[in-house]
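Residue-level structural notes
For reference, the chains in residue letters:
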Amino acid sequence: SQELEQSPQSLIVQEGKNLTINCTSSKTLYGLYWYKQKYGEGLIFLMMLQKGGEEKSHEKITAKLDEKKQQSSLHITASQPSHAGIYLCGVRGSQGNLIFGKGTKLSVKP
Amino acid sequence: NAGVTQTPKFRILKIGQSMTLQCAQDMNHNYMYWYRQDPGMGLKLIYYSVGAGITDKGEVPNGYNVSRSTTEDFPLRLELAAPSQTSVYFCASIGRLNTEAFFGQGTRLTVV
């Protein structure tokens, strides 16, 4: 079965600093989703990447898909306290299942 | 346009009781999913469906059942509740274009 590994598991950064979160799949990626979850709340859709080399941005968040490495990276520029939360990557398997990694917990110190 | 609607939002069950978590979407999405999320953990896939009449097991199906008689509804059934099923449950759906997986607001279930 396909597995997703996110790194790091948790991250504490100073406000204003840049950071990167990685998501690596054990199998071929057919589409990768990034979500943010605030503590105790639902999931907020960030973006979805479908093709190798694809890069998308939303405000100060940029995600890129490296098909050969079976990996996606999420980069936040000039982090703010509002970026704090849990970032989850998800991937669709060939049979239509949608699985997620364990998440990366981000804390931003003012 | 309500998106994905889950009910109830909160529920406390006694060990051995049964209940159904409701999930409905009004976007005519083919794919629907049920997840559980335990504290500090990611989302674990319980069951999923690629269309009406079709369901498949996910990573953690034991203790649960689902049905998909219509495109809109995908209820999750707990037959004999156990403390290990205390969790937050999320339902999600994806359309044919697969550009976004919409999530419900979650159901917080406690089994005592």
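Before reading on, note that the structure itself is shown above.
The numbering scheme is per chain: residues are counted from 1 as the chain's sequence reads. A letter from A marks each chain and a number from 1 marks each ligand, given out in the order of writing. Per-residue local features of the predicted model are confined to residues with pLDDT of at least 70, and side-chain atom pairs are confined, for both listing and counting, to 80 or more; whole-chain, interface and lining totals are unaffected and use all residues. To get the side-chain values, take all heavy atoms of the structure and skip hydrogens and water.

**Looking at the overall build of chain A**
- Counting from the N terminus, the helices are DSSP H or I runs at least four residues long and the strands are E runs at least two residues long. Scanning chain A from N- to C-terminus turns up 0 helices and 11 strands.
- For chain A, the N- to C-terminal ordering of α and β elements is β-β-β-β-β-β-β-β-β-β-β.
- Here the C-alpha radius of gyration of chain A, 13 Å, is about what a compact globule of 110 residues would show, namely 13 Å.
- Projected onto the principal axes, the alpha-carbon positions of chain A cover approximately 45 × 30 × 20 Å.
- Every one of the 110 residues in chain A was classed for burial, and the buried ones make up 45%.
- Contacts are residue-level and defined by heavy atoms, with any inter-residue pair within 4.5 Å sufficient. In chain A, of all internal contacts separated by at least 6 residues, the share reaching a separation of at least 24 is 53%.
- Taken as a whole, chain A presents about 5600 Å² of accessible surface, with 44% of it coming from carbon and sulfur.
- For the purpose of counting charges, residues Lys and Arg are taken to be positive, whereas Asp and Glu are taken to be negative. His and the chain ends are not included. To locate a charge, the coordinates of NZ of Lys, CZ of Arg, CG of Asp or CD of Glu are taken. Charged side chains of chain A number 14 positive and 9 negative; the gap between the two group centres comes to 2 Å. Between the two quantities, the radius of gyration covers C-alpha atoms and the globule rule is 2.2 Å times the number of residues to the power 0.38. When a residue's accessible area, from a 1.4 Å probe over protein chains only, is under 20% of the maximum for its type it is buried; when over 50% it is exposed; and in between it is partly exposed. Only the protein chains shown count as cover for residues, and the accessible areas themselves come from Shrake-Rupley with a 1.4 Å probe.

**Comments concerning the sheet that holds strand 3 (residues 19-25) of chain A**
All names here are of chain A.
- By this definition, two strands are paired if DSSP reports at least two bridges between them. Pairing is antiparallel in the open sheet, where 5 strands are placed in the order 1-3-8-7-6. Among the strands making up the open sheet, the edge pair consists of strand 1 (4-7) and strand 6 (55-58). The average undirected angle you get between the axes of adjacent strands in this sheet is 15 degrees.
- Here strand 6 runs beside strand 7 (residues 61-66); their pairing, made up of 4 bridges, is antiparallel. Bridge pairing in strand 7 links His-58 to Ile-61. Between N-to-C directions, angles span 0 to 180 degrees; the directions come from axes that are lines fitted to C-alpha atoms, helices contributing only their stretch in contact.

**Brief notes about the packing of aromatic side chains**
- Stacked, edge-to-face and tilted are the three classes for Phe, Tyr and Trp ring pairs, Trp counted by its six-membered ring, which pair at centre distances within 6.5 Å; planes under 30 degrees apart are stacked, over 60 edge-to-face, the rest tilted. All told, the structure shown has 10 aromatic pairs over all chains when counted by the stated rule.
- Each ring, one from Phe-100 of chain A and one from Tyr-35 of chain B, has its centre 5.5 Å from the other, and the planes form 80 degrees; the classification is edge-to-face. Taken together, the residues Phe-100 of chain A in strand 10 (residues 98-100) and Tyr-35 of chain B in strand 4 (residues 31-37) connect one chain to another.
- Judged by its relative accessible area of 0%, Tyr-35 of chain B falls in the buried class.
- Taken together, the ring pairs connect Tyr-33, Tyr-35, Phe-45 and Phe-100 of chain A together with Tyr-33, Tyr-35, Tyr-48 and Phe-103 of chain B into an aromatic cluster.
- Charges are assigned to positions over rings by a cutoff of 6 Å between ring centre and Lys NZ or Arg CZ, combined with an angular limit of 35 degrees from the ring normal. Above the face of the Tyr-31 of chain B ring, Arg-92 of chain A is positioned so that its terminal group lies 4.4 Å from the ring centre.
- One residue, Arg-68 of chain B, lies across the ring of Phe-74 of chain B, its end atom 5.9 Å from the ring centre.

**Here we look at the interface of chain B and chain A**
- Counting from both sides, the interface comprises 21 residues of chain B and, opposite them, 20 residues of chain A.
- Overall, the association of chain B and chain A removes approximately 1700 Å² of surface from exposure, summing both partners, and the carbon and sulfur fraction of that is 55%.
- What makes a salt bridge here is a side-chain nitrogen of Lys or Arg within 4 Å of a carboxyl oxygen of Asp or Glu, nothing more. Summed over the shared surface of chain B and chain A, the number is 0 salt bridges.
- Whenever two N or O atoms come within 3.5 Å, that pair is a polar contact, provided that in protein one can donate a hydrogen and the other can accept it, and provided that, for residues adjacent in sequence, both atoms are side-chain atoms. Inspection of the chain B/chain A interface yields 5 residue pairs in polar contact (both at pLDDT 80 or more).
- Elements with a contribution of two residues or more to the side of chain B that touches chain A: strand 4, strand 5 (43-51), strand 9 (87-94) and strand 10 (101-103) of chain B.
- In this count, Pro and Cys sit with the nonpolar residues alongside Ala, Val, Leu, Ile, Met, Phe, Trp and Tyr, while Asp, Glu, Lys and Arg are called charged and the others, Gly among them, polar. Per-class residue counts for the side of chain B that touches chain A are 14 nonpolar, 4 polar and 3 charged. Summed over both partners, buried area is the accessible surface (1.4 Å probe) that two parts give up on being assembled.

**A word on the sheet that holds strand 8 (residues 76-78) of chain B**
All names here are of chain B.
- Read across the sheet, 4 strands follow the order 1-3-8-7 without closing on themselves; strand pairing throughout is antiparallel. The open sheet has two edge strands, strand 1 (4-7) and strand 7 (64-66), and neither has a second partner. Each neighbouring strand pair of the sheet contributes to a mean axis angle of 20 degrees, computed without reference to strand direction.
- With 3 bridges connecting them, strand 3 (residues 19-25) and strand 8 associate as antiparallel partners. Among the inter-strand pairings, Thr-20 is bridged to a residue of strand 8, identified as Arg-77.

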